[in-house]
Amino acid sequence: METLSLKQLTDLLKSKDVKAIPRKSIFLRKLAASATLISIDLLCVAFAMFTSLYLRDLMMPENADWSLYSSVISLILPLFPLAFYLKGLYPGFGIDVIEELRSITYSTSIVFALLAGLTFLVKDGEFSRFMFIISWAASLLILPLGRSMIRKFVACKSWWGIPVIIIGAGKTGETIITSLKKHSYIGLRPVVAVDDDIDRWGYIDSIPVIGGLDVIPEISSKLRVDHAIIAMPKVESKKQEQIIRRYSNYFSHVTVIPNLFGLSSLWVSTRDLGGILGLEVQQKLLRKSALMAKRLFDLTFAGVLCLAVSPLILFISIMIWLDSKGNIFFKQERMGKDDTRFKIVKFRTMHIDAEQRLADLLDKNPALKMEYEIYHKLKDDPRLTRVGKILRKFSLDELPQFINVIRGEMSLIGPRAYMPWEKEKMNGHDEIILKVKPGISGLWQVTDRNASSFEERNLTDVYYIRNWSMFLDFYIFVRTISVIITGNSGY
């Protein structure tokens, strides 16, 4: 079989139609990424600490000693990057967001515990426990948000990310390339795919596909590629074992995609069965302990948030009343836990003749009708009022749903609240989705949001139920705040 020489590959990567990563030092890339993340981490922690100190100053101005606290903060700040480095958070390319959140939580808590011990030993002044607690809580909230925002900002930079080779250019390899390019903030940038099948040579989303596999050693050494993803799950096990054994030695990091795509929406964990590898399929959110923890989380945060945003709710109510005719609130039947029915409460964002406007528009425009059938939404929806468009963009129309959460009909975080007529289109996913309460926000809302199809939302909701953890809920909660602030593609 004819193969592509390294020189041909190098020329290909430099060609106009391929957006390849420049051949710079991997060390400098990691250094730049680490410096960026260290800077944002220090800023976030410093902001959390000085904000909490400011709040304490407002409450007890007679006891404030800014010089004392500032000196302690300046001494303790370097411990945070050190703790994060020990947990593998620098440069953080390819790290799972939930694992990152877990590492941040543990590392931050340990550093604050050390800080508490340090201040106990220092006898020169009295330190505020209130300031420590608020600083710790604020850091846990601000750090993931700051990291997420800076990643999105630098994702388009040429120095962000490290090159990765995809071994296998079939359907799985194509899916991986598309996903990594779409989510460039992850930091794994595919530069080339390798496959023995000559019919697959060419391009996948501007990434060159070459062959055969015997060019892998040369590519790894001369193009400085240390990461590889073996995406050949349907190759027979004996041949796949040979490929892994022969080529994994050329990379410091190798990820193997197993033949589990039938379980792509399920959470699996490894189990050692007397030397035999087993995969346990879990349904974490269906456990009673998980449901109790979520309910406690919902009642606590829904009550606090409802009080905090009450002035905003009053303001929005007045604007809706002034903008268009109709009720301020909109109630609609949705499917709840165990296939029950409840009335979801939202701010009214549409005209009172909304359904007739939609029917007329879809009858006249087949393209919009197809869009509505796929997404169950329209980007330029003629039913929306002027205020309604703003509320939808920033998801503010969902604020009254705190009432549904307090009633026990919904959760703050959960699957989408589906309408009864959508059940027939859920392709059996309703069997697991309707076992838990729907949420005001959820995983699909903070990832692809409205860019995902109805089927993709179903799969994301099932994935959430299988993968649930308090860390995942906290991650979604933080991402929801970011989405609301930026108004990211909401309609």
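The rules behind the values
Residues numbered from 1 in each chain as written. Predicted model: local features only at pLDDT ≥ 70, side-chain atom pairs only at ≥ 80, totals over all residues. Heavy atoms only, no water. Helix = DSSP H or I, 4+ residues; strand = E, 2+ residues; numbered from the N terminus. Buried < 20%, exposed > 50% of the residue type's maximum accessible area, 1.4 Å probe, protein only. Contact = heavy atoms within 4.5 Å. Pairing = 2+ DSSP bridges. Axes fitted to C-alpha atoms, helices over the stretch in contact; angles between N-to-C directions. Phe/Tyr/Trp six-rings, centres within 6.5 Å; stacked < 30°, edge-to-face > 60°. Lys NZ or Arg CZ within 6 Å of the ring centre and 35° of its normal. Polar contact = N/O pair within 3.5 Å; in protein donor to acceptor, adjacent residues only side chain to side chain. Core = buried A, V, L, I, M, F, W, Y, C linked by side-chain atoms within 4.5 Å. Salt bridge = Lys/Arg side-chain N within 4 Å of Asp/Glu carboxyl O. Expected span 1.5 Å × (residues − 1). Patch = residues over 30% accessible without salt bridge, like charges linked within 9 Å, V, L, I, M, F, W, Y side chains within 5 Å. Areas by Shrake-Rupley, 256 points an atom, 1.4 Å probe, with all protein chains shown as cover. pLDDT = per-residue confidence, 0-100.

Student: Just checking my understanding: could you explain the overall build of the protein chain for this structure?
Tutor: The secondary structure content of the protein chain amounts to 18 helices and 12 strands. Relative to its full complement of 491 residues, the protein chain shows a buried share of 46%. A fraction of 74% describes how many contacts in the protein chain between residues 6 or more apart in sequence connect residues 24 or more apart.

Student: Help me understand the side chain of S441 in this model?
Tutor: By the secondary structure assignment, S441 is in strand β12 (residues 439-441). On the basis of relative accessible area, S441 is assigned to the buried category, the value being 7%. Not counting residues within four places of it along the chain, the set of residues in contact with S441 comprises L412, I413, G414, V446, I476 and T480.

Student: Explain the environment of N327 to me, please; I cannot follow it from the model alone.
Tutor: Its place among the elements puts N327 in the loop between α11 (310-323) and β9 (329-335). Between the C-alpha atoms of N327 and F347, which are 20 residues apart in sequence, the distance is 8.8 Å. If we skip the residues at most four places from it in the chain, N327 touches I320 and R348.

Student: Help me understand the sheet that holds strand β5 (residues 227-230), please; the structure alone is not making it clear to me.
Tutor: In any sheet, the strands associate via hydrogen bonds between backbone groups, in a parallel or an antiparallel arrangement. With respect to topology, six strands assemble into an open sheet ordered β3-β4-β2-β1-β5-β6, the strand pairing being mixed. Of all strands in the sheet, those with a lone pairing partner are β3 (202-204) and β6 (253-256), marking the two edges. Sheet twist, expressed as the average angle between the axes of neighbouring strands with direction ignored, equals 30 degrees.

Student: Sorry, what's going on with the packing of aromatic side chains here?
Tutor: The relation between two aromatic rings is expressed through the spacing of the ring centres and the mutual angle of the planes. Summed over all chains, the structure comprises 10 aromatic pairs. Centre to centre, the rings of F80 and F84 are 6.4 Å apart; their planes meet at 65 degrees, and the pair counts as edge-to-face. Note that F80 and F84 are positioned in helix α4 (residues 79-86) at a spacing of four residues, about one turn of the helix. Of the two residues, F80 and F84, both sit in the buried class. Taken together, the ring pairs connect F80, F84, Y90 and F112 into an aromatic cluster. The side chain of K157 reaches across the aromatic face of F153, ending 5.2 Å from its centre.

Student: It is not clear to me how the side chain of S52 should be interpreted in this structure. Could you clarify?
Tutor: Tracing the chain through its elements places S52 in helix α2 (residues 26-59). At 2.6 Å, the side chain of S52 and the backbone oxygen of M49 are in polar contact. Apart from the residues within four sequence positions on either side, S52 is in contact with F130, M131, I134 and S135.

Student: Help me understand the pairing of strand β4 (residues 207-210) in this model?
Tutor: When a strand is regular, its side chains alternate between the sheet's two faces. Residues of β4 alternate between two faces, with I207 and V209 on one and P208 and I210 on the opposite face, all of them buried. Relative to β4, strand β2 (residues 188-194) runs parallel, the two being bridged by two bridges. Its bridge partner being in β4, V194 is matched across the sheet by I210. The loop that links β3 with its antiparallel partner β4 comprises two residues; one of these, D205, has a positive phi angle of about 55 degrees.

Student: It is not clear to me how the nonpolar core should be interpreted in this structure. Could you clarify?
Tutor: Soluble globular proteins: nonpolar side chains tend toward being buried together. Judged by nonpolar contacts, the single largest core of 44 residues is most densely connected at M49, F80, L115, I166, I176, L180 and I229. Considering each element in turn, this core owes the most residues, nine residues, to α2. Membership of the second largest hydrophobic core comes to 43 residues, among which are A302, I344, F402 and I413.

Student: What is the right way to look at the pattern of salt bridges in this model?
Tutor: Side chains that differ in charge, positive against negative, can pair when their charged atoms come close. By the definition in use, this model includes 15 salt bridges. R147 is the partner of D41 in a salt bridge, and the nearest nitrogen-oxygen pair spans 3.0 Å. Taken together, the residues D41 in helix α2 and R147 in helix α6 (residues 129-154) connect sequence positions 106 residues apart. A salt bridge links R102 to E99, with the nearest nitrogen and oxygen atoms 3.0 Å apart. In this pair, R102 and E99 are both assigned in helix α5 (residues 97-121), three residues apart and thus about one turn of the helix distant.

Student: Can you help me understand helix α17 (residues 454-467) in this one?
Tutor: An α-helical turn contains 3.6 residues, so any two residues separated by three or four positions project in the same direction. For α17, which comprises 14 residues, the first-to-last C-alpha distance of 20 Å matches the rise-based estimate of 20 Å (1.5 Å per residue) to within 8%. Every buried residue belonging to α17 is among F454, R457, N458, D461, V462, Y464, I465, R466 and N467, and all of these are buried.

Student: Quick question: what am I supposed to make of a nonpolar patch on the surface here?
Tutor: Where nonpolar side chains cluster on the molecular surface, the patch consists of L312, L314, F315, I318, M319, W321 and L322 and spans about 740 Å² of accessible area. Examined against the element boundaries, W321 turns out to sit in helix α11.

Student: What is the right way to read unusual backbone geometry from this model?
Tutor: Working note: non-glycine residues mostly have negative phi, and peptide bonds are mostly trans. The omega torsion of the bond from Y90 to P91 falls at 0 degrees, within 30 degrees of zero and hence cis. Topologically, P91 is positioned in the loop between α4 and α5. Its identity as a non-glycine residue notwithstanding, S206 has a phi of 75 degrees, on the positive side. In this structure, S206 sits in the loop between β3 and β4.

Student: I would appreciate a short explanation of the environment of K284 in the present structure.
Tutor: Structurally, the position occupied by K284 is in the loop between β8 (276-282) and α10 (288-308). C-alpha of K284 to C-alpha of I465: the two residues are 181 residues apart in sequence and 6.5 Å apart in space.

Student: What is the right way to read the confidence of the model for the protein chain from this model?
Tutor: For residues with low pLDDT, the predicted coordinates do not support detailed interpretation. For the protein chain, the mean per-residue pLDDT works out to 81, and 83% of the residues sit at or above 70. Taking the mean pLDDT of every element in the protein chain, the minimum, 54, falls on strand β7 (residues 267-273) and the maximum, 94, on strand β10 (residues 341-347). Note that pLDDT drops below 50 for residues 16-21; the model gives that stretch 14 contacts with residues more than four away or on any other chain. Every residue in residues 261-267 scores below 50 in pLDDT, and together they form 15 contacts with partners more than four places removed in sequence or on other chains.

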